[in-house]
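Residue-level structural notes
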Amino acid sequence: MKFLLPHKFKRAGLMLAPAGILLWLLMQTGKITSFLILVTGIDPSHGVPGYFNTINSGVAIAGFFGFLAGLYFIAFSREPVEDEMIQTTRLESFQFAALVQFLFIVAGFLFMLFFQAPKETGMMLFFIGIVLSFWICFISRFNYIMHSRGRWKTN
Amino acid sequence: MENKLKELRTARGSTQAELADEVNVSRQTIISIESGRYIPSVLLSLKIAKVLGKKVEDIFELQKCDL
């Protein structure tokens, strides 16, 4: 495969993905705002300045795209020895992930058709779910197969 | 398809890792072939046969269900 990154990117991805999700969670739980209040010494009872929102949005975007980039690095890094069985496993995992993503989309739209369509935030979470379902299924299946086969040592 | 890779490899006195190095694949690939969960390509089968000093037919054997 031509488009695979060197193996060292996998380690970078394993650090970047959790860091990204942590940043995103810190923003969602209001910890970034609390931190900014602590640093600036502003009294929040009179409202917070507008730049707090800008910083929060920036952190959320950096966290989400950092997480996505981390997943990309994990998914598209070469194994130490890249051979035909690993390439076949990678291809099968892609097919599996695409199937899960398709089922996720169908289930989501059927839910919207027969029940209440979600509001803006719900739709955003649905689209994030579509993107993540593919990556998470691919990475989980590929690594599960590689590790389960590695464990079957019968020397 | 059945194979006698494990028997031939152990008879030769080499480990899965050593055989994997010789044919330039990962150890997982040798494990998967030995356990019958992966059928190697013609190229890899020929490489394994060459390293073990056998014919491909001596290592890999078709079963009735493959015909």
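Residues numbered from 1 in each chain as written. Chains lettered and ligands numbered in written order. Predicted model: local features only at pLDDT ≥ 70, side-chain atom pairs only at ≥ 80, totals over all residues.

Description of the overall build of chain A
Quick note on the threshold: Secondary structure follows DSSP: runs of H or I at least 4 residues long count as helices, runs of E at least 2 residues long count as strands, and numbering of each begins at the N terminus. All radius of gyration figures rest on C-alpha atoms, and the globule criterion is 2.2 Å times the number of residues raised to 0.38. The burial label depends on the number of other C-beta atoms within 10 Å of a residue's C-beta. Counts of 20 or more mean buried, 12 or fewer mean exposed, and intermediate counts mean partly exposed, with C-beta atoms placed from the backbone. We call two residues in contact when the distance between their C-beta atoms, placed using the backbone, is within 7 Å.
Helix and strand content of chain A: five helices and zero strands. In sequence order, chain A lays out its α and β elements as α-α-α-α-α. Computed over C-alpha atoms, the radius of gyration of chain A comes to 20 Å, more than 25% over the 15 Å expected from 2.2 N^0.38 for 155 residues, which places it beyond the range of a compact globule. Evaluated residue by residue, chain A yields a buried proportion of 17% over its 155 residues. In chain A, of all internal contacts separated by at least 6 residues, the share reaching a separation of at least 24 is 87%.

Re the overall build of chain B
From N to C terminus, chain B includes five helices and two strands. Ordered by position from N to C terminus, the α and β elements of chain B give β-α-α-α-α-α-β. A globule of 67 residues ought to have a C-alpha radius of gyration of about 11 Å, and chain B, at 11 Å, matches this closely. Overall, chain B is about 35 × 20 × 20 Å in size when its C-alpha atoms are taken along their principal axes. Relative to its full complement of 67 residues, chain B shows a buried share of 28%. Long-range pairs, those at least 24 residues apart, make up 55% of the contacts in chain B between residues at least 6 apart in sequence.

Side note on the interface of chain B and chain A
The following threshold applies: Only Asp, Glu, Lys and Arg are considered charged, only Ala, Val, Leu, Ile, Met, Phe, Trp, Tyr, Cys and Pro nonpolar, and every remaining residue, Gly among them, polar.
Listed as interface residues are 15 residues of chain B and, on the opposing side, 13 residues of chain A. Looking at the side of chain B that touches chain A, its residues break down into four nonpolar, eight polar and three charged.

Regarding unusual backbone geometry
Residues and elements named next belong to chain B. For Asn24, which is not a glycine, the phi torsion comes out positive at approximately 65°. Among the secondary structure elements, Asn24 is positioned in the loop between helix 2 (16-23) and helix 3 (27-34). What makes Asn24 exposed here is the crowd of 11 C-beta atoms within 10 Å.

Re the environment of Val131(A)
Among the secondary structure elements, Val131(A) is positioned in helix 5 (residues 120-151). Taking the C-alpha atoms as reference points, Val131(A) and Leu68(A), separated by 63 residues in sequence, lie 9.1 Å from one another.

Observations regarding the environment of Ala11(B)
All names here are of chain B. Secondary-structure assignment places Ala11 in helix 1 (residues 5-12). You can call Ala11 exposed: it has 10 C-beta atoms within 10 Å. Taking the C-alpha atoms as reference points, Ala11 and Leu52, separated by 41 residues in sequence, lie 9.9 Å from one another.

Comments concerning the confidence of the model for chain A
Where we set the bar: The quantity called pLDDT is the predictor's confidence in a given residue, expressed from 0 to 100.
Overall, the predicted model of chain A reaches an average pLDDT of 88, with 96% of residues at or above 70. For chain A, the element scoring lowest by mean pLDDT is helix 2 (residues 31-40) of chain A, at 84; helix 4 (residues 84-114) of chain A scores highest, at 94.

Side note on the environment of Trp24(A)
Following the sequence through the fold, Trp24(A) ends up in helix 1 (residues 8-28). Once you skip the residues sitting within four places of it in the chain, Trp24(A) turns out to touch Ala60(A), Gly63(A), Phe64(A) and Phe67(A).

Observations concerning the packing of helix 2 of chain B against helix 4 (residues 42-52) of chain B
Residue and element names in this part refer to chain B. Rule in force here: Fitted lines through C-alpha atoms serve as axes, helices being fitted only where they are in contact, and the angles separating the N-to-C directions of these axes extend from 0 to 180 degrees. Handedness of a helix crossing follows the sense of rotation of the near helix relative to the far helix, less than a right angle counterclockwise being left-handed and clockwise being right-handed.
Where helix 2 contacts helix 4, the two axes come as close as 10 Å, and the packing angle between them is 115°. Handedness of the crossing formed by helix 2 with helix 4: right-handed. Contacts from Leu19, Glu22 and Val23 in helix 2 reach Leu44, Lys47, Ile48 and Val51 in helix 4. Across the contact of helix 2 with helix 4, the residue classes break down as five nonpolar, no polar and two charged.

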